[in-house]
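Working through the structure, step by step
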Amino acid sequence: MTTAPPRTAERAPSFFLAGTMQGARTGSNLVDQSYRAALTSTILTRRPDAVIHDPGALMARWEAECTADVRAAHAALGALPAVHRDALAPELVALTEMFHHLTRLAARSDICVAWLPGHEPSMGTAAEMLSAYRAGRTVVAITAMCQNLAVLACSTVILPDLPAFQEWLDDGALPGRTVERTASTERSRP
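One structure accompanies this document, and this report is about it. (Residues numbered from 1 in each chain as written. Predicted model: local features only at pLDDT ≥ 70, side-chain atom pairs only at ≥ 80, totals over all residues. Heavy atoms only, no water.)

Some remarks on the overall build of the protein
- Helix and strand content of the protein: seven helices and five strands.
- Its helices and strands in sequence order give the protein the pattern β-α-β-α-α-α-β-α-β-α-β-α, from N to C terminus.
- In the protein, which comprises 190 residues, the proportion classed as buried is 35%.
- About 11400 Å² of surface is accessible on the protein, with carbon and sulfur atoms providing 57% of the total. (Helix = DSSP H or I, 4+ residues; strand = E, 2+ residues; numbered from the N terminus. Buried < 20%, exposed > 50% of the residue type's maximum accessible area, 1.4 Å probe, protein only. Areas by Shrake-Rupley, 256 points an atom, 1.4 Å probe, with all protein chains shown as cover.)

Structure representation (structure tokens):
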């Protein structure tokens, strides 16, 4: 008599909330971040076991200990004739290390949800999307920029708004499934 292998519990899916923070603004002038709570609520309503990685919250916790120093060093960059990485203030080195940590976290998460409202590109979000895409993760862009080459090249699915994202989740999106890259999906440059 043959017995079936034991069933393993399904692992909770992880979601990385990429999205515009600074966008085209300078200094610490940030985009309204309320979309993060809306995305978190939407995901947790459908997948209460989901693990949410919110860069906004992670950066706020990290920066809480050094907010004034980071903002002062960051603001001072605007007055420099040239910025040399090897001459950055320690606070800015730590800030850039946080950025790299977040892009690696996007690549380790099952689903990268990229919130890009209107037609304002975000270089940080693009880096997170590319990192997740290259790692074979599902990248869901919520944006009207479906003709933007970076969005098109690094997205598994592009949705126009939050209700479409809700519907995508409701229709059985498979959080946690990675996309296997093959020779037919990875083409060399012309």
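What about the pairing of strand 3 (residues 111–116)?
- Most of strand 3 sits inside the fold, with six of its six residues counted as buried.
- Of the two faces of strand 3, the one carrying Ile 111, Val 113 and Trp 115 and the one carrying Cys 112, Ala 114 and Leu 116 are both buried.
- Alignment of strand 1 (residues 14–19) against strand 3, held across five bridges, turns out to be parallel. In the sheet register, Gly 19 faces strand 3, and the bridge partner there is Trp 115.
- Note that strand 3 and strand 4 (residues 138–143) share six bridges and pair parallel. Among the inter-strand pairings, Ala 114 is bridged to a residue of strand 4, identified as Ala 141. (Pairing = 2+ DSSP bridges.)

Structural notes on the pattern of salt bridges
- Tallying each qualifying case throughout the model produces five salt bridges.
- Here Asp 110 and Arg 11 are joined by a salt bridge, their closest N and O atoms 2.7 Å apart. Of the two residues, Asp 110 sits in the loop between helix 4 (90–108) and strand 3 while Arg 11 sits in the segment before strand 1, which places them 99 residues apart along the sequence.
- Overall, the relative accessible area of 2% leaves Asp 110 in the buried class. (Salt bridge = Lys/Arg side-chain N within 4 Å of Asp/Glu carboxyl O.)

Describing the sheet that holds strand 2 (residues 51–53)
- With parallel pairing, the five strands of this open sheet are ordered in space as 2-1-3-4-5. At either end of the open sheet lies a strand with only one pairing partner, and these are strand 2 and strand 5 (157–159). Averaged over all adjacent pairs, the angle separating strand axes in this sheet is 20 degrees, with direction ignored.
- The pairing of strand 1 with strand 2 spans three bridges and is parallel. Its bridge partner being in strand 2, Ser 14 is matched across the sheet by Val 51.
- Strands in contact with helix 5 (residues 123–134) are strand 1, strand 3 and strand 4; relative to strand 3, the strand with the most contacts, it is inclined by about 155 degrees. (Axes fitted to C-alpha atoms, helices over the stretch in contact; angles between N-to-C directions. Contact = heavy atoms within 4.5 Å.)

Comments concerning the side chain of Thr 42
- In this fold, Thr 42 is placed in helix 1 (residues 35–46).
- On the basis of relative accessibility, which here comes to 4%, the residue Thr 42 falls in the buried class.
- Once you skip the residues sitting within four places of it in the chain, Thr 42 turns out to touch Leu 162, Phe 165, Gln 166 and Leu 169.

Quick word on the packing of helix 4 against helix 5
- Viewed as axis vectors pointing N to C, helix 4 and helix 5 meet at an angle of 40 degrees, and their least axial separation amounts to 7 Å. One way to sum up the angle between helix 4 and helix 5 is to call them oblique. Helix 5 is crossed by helix 4, and the crossing has right-handed handedness. Residues Phe 99, Leu 102, Thr 103, Arg 104, Ala 106 and Ala 107 of helix 4 touch helix 5, and the partners they reach there are Gly 124, Ala 127, Glu 128, Ser 131 and Ala 132. (Parallel < 35°, antiparallel > 145°, perpendicular 65-115°, else oblique. Left-handed = near helix turned anticlockwise from the far one by under 90°.)

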